[in-house]
Amino acid sequence: MQAATLLDQPRAIGSATVSSKCRQGRSCIDTLHQAGTLKLVFPRNACDVEGVLINTAGGMTGGDRFDIAATAGEGSNLTLTTQAAERAYRAQSKQIGRIRTRLSVESGAQLHWLPQETILYEGSALSRRLDVDMAADGHFLMVEPVIFGRRAMGEQLRSAMFRDRIDVRRDGLLIYRDGVLLEGDVEAKLDRPAIGAGARAMANLVLVAPEAEGMLPAVRQFLEPAGGASLLQPDLLVARCLAPDGFELRKRLVPLLDRLTHNRLPMSWRL
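Residues numbered from 1 in each chain as written. Predicted model: local features only at pLDDT ≥ 70, side-chain atom pairs only at ≥ 80, totals over all residues. Heavy atoms only, no water.

Asker: What's the story with helix α4 (residues 246-260) in this structure? I'm lost.
Answerer: Owing to its 3.6 residues per turn, the α-helix brings residues three or four apart onto one side. Its 15 residues place the ends of α4 20 Å apart at the C-alpha level, agreeing with the 21 Å of an ideal helix rising 1.5 Å per residue. Here α4 lies mainly inside the structure; 11 of its 15 residues are buried. Within α4 the residues assigned to the buried category are G246, E248, L249, R250, R252, L253, V254, L256, L257, D258 and L260. Each element contacted by the buried residues of α4 is listed here: β9 (110-114), β12 (139-148), β15 (201-208), α3 (212-221) and β17 (236-243). H262 occupies a position one or two residues after α4 and carries a positive phi of about 60 degrees. (Helix = DSSP H or I, 4+ residues; strand = E, 2+ residues; numbered from the N terminus. Expected span 1.5 Å × (residues − 1). Buried < 20%, exposed > 50% of the residue type's maximum accessible area, 1.4 Å probe, protein only. Contact = heavy atoms within 4.5 Å.)

Asker: Teacher, can you tell me more about the packing of aromatic side chains here?
Answerer: A complete count under the given rule lists two aromatic pairs for this structure. With a centroid separation of 5.0 Å and 40 degrees between ring planes, the pair formed by Y89 and Y121 is classed as tilted. Placement of Y89 in the loop between β7 (86-88) and β8 (97-105) and of Y121 in the loop between β10 (118-120) and β11 (125-134) is noted, with a sequence separation of 32 residues between them. Summarising the aromatic geometry, the rings of F148 and F162 are spaced 6.1 Å apart at their centres and angled 80 degrees between planes, so their arrangement reads as edge-to-face. (Phe/Tyr/Trp six-rings, centres within 6.5 Å; stacked < 30°, edge-to-face > 60°.)

Asker: Looking at this structure, how should I read the pairing of β8?
Answerer: Burial along β8 is one-sided: G97, I99, T101, L103 and V105 are buried, while R98, R100, R102 and S104, pointing the other way, are not. Alignment of strand β5 (residues 65-72) against β8, held across eight bridges, turns out to be parallel. In the strand pairing of β8, F66 is matched with I99. Summarising the sheet, β8 and β11 pair through nine bridges and their orientation is parallel. Among the inter-strand pairings, L103 is bridged to a residue of β11, identified as V132. (Pairing = 2+ DSSP bridges.)

Asker: Explain the nonpolar core here, please?
Answerer: Generally speaking, a soluble globular protein has its nonpolar side chains buried in company with each other. In this structure, L103, L111, W113, L120, F140, F148 and F162 are the most contacted members of the largest nonpolar core, which totals 48 residues. Counting 30 residues, the second-largest nonpolar core is a separate cluster that includes L207, L216, A243 and L249. (Core = buried A, V, L, I, M, F, W, Y, C linked by side-chain atoms within 4.5 Å.)

Asker: Help me understand the confidence of the model for the protein chain in this model?
Answerer: Interpretation of the predicted coordinates at a detailed level should be avoided for regions scoring low in pLDDT. Chain-level statistics for the protein chain give a pLDDT mean of 93 and a share of 96% at 70 or above. Scored below 50 in pLDDT, residues 1-6 shows zero contacts in the model against residues more than four places distant or in partner chains. (pLDDT = per-residue confidence, 0-100.)

Asker: Teacher, can you tell me more about unusual backbone geometry here?
Answerer: A negative phi angle is the norm for most residues apart from glycine, just as the trans form is the norm for most peptide bonds. With phi around 55 degrees, Q24 is a residue other than glycine that occupies positive phi space. If you trace the backbone, Q24 turns up in the loop between β1 (13-23) and β2 (26-36). Of note in the backbone geometry, D171 takes a positive phi value of approximately 50 degrees without being a glycine. Take D171: its relative accessible area is 55%, and that puts it in the exposed class.

Asker: Before we go on, may I ask you to explain the pattern of salt bridges in this structure?
Answerer: As enumerated under the stated definition, the model contains 22 salt bridges in all. Residues E117 and R250 are paired through a salt bridge, measuring 2.8 Å at the closest nitrogen-oxygen approach. Of this pair, E117 sits in the loop between β9 and β10 while R250 is found in helix α4, placing the two residues 133 residues apart along the sequence. Of the charged contacts, one joins R270 and D258 as a salt bridge, the two residues approaching to 2.4 Å between their closest N and O atoms. Of this pair, R270 sits in the segment after α4 while D258 sits in helix α4, and the two are 12 residues apart along the sequence. Exposure remark for D258: the relative accessible area of 13% places this residue in the buried category. Residues joined by salt bridges that share partners form a network here, namely R100, R129, D131, R165, D167, R169 and R177. (Salt bridge = Lys/Arg side-chain N within 4 Å of Asp/Glu carboxyl O.)

As structure tokens, then:
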């Protein structure tokens, strides 16, 4: 019984919480807390506040738990990214790795949530949830890229689980919800025309900003034919980018994110 109990314990636990504030016309760190296997570093040459998340465990597997919380305080600008791609490795039976992210955008603030790719390996089991709460005049940009096995390495996902949920609320009202559940033979599901049309990499993108409507043509020009972009409201743009592999996905995402961030894409994306 003792061995079974030890087996069920999480392999890695990490949490990171950060907030920004505006002081004398500049954005700066307000609060910061980090624990366990999650760390935040802040490049000195970055404009505004740019936090880079580091998972010191080197990846994720079943039983791991990560919690991230960030607030862009009134009138401030906050960008969060990751040091490198996150990796979800093979999980033991009935164990799932979980990532929970909570973001808040206060009045007149801007928050960019720009993690690099999550790479899923054969046998992985990952559940993610992102909740965003915005003020009426907040600005928000997010992208979450996922790679379903590295095609160049001959990797295949014949048995894996990926569950993803995104909720965006403005003034307490739900303005965007997206959910993905891929389980079992993920490759077979991605080969279906209505799901992935053979893609092995995808990214979900959301822009909530006054300029969203004007950005729609630029976003569409970077998408594969199987992807798409739409305006749900004049200031709410959503897109799904599909690509055959991670290399092709990044070729589209980097110039697109450069455009949407006004050439302030974090340096870690270029390394």
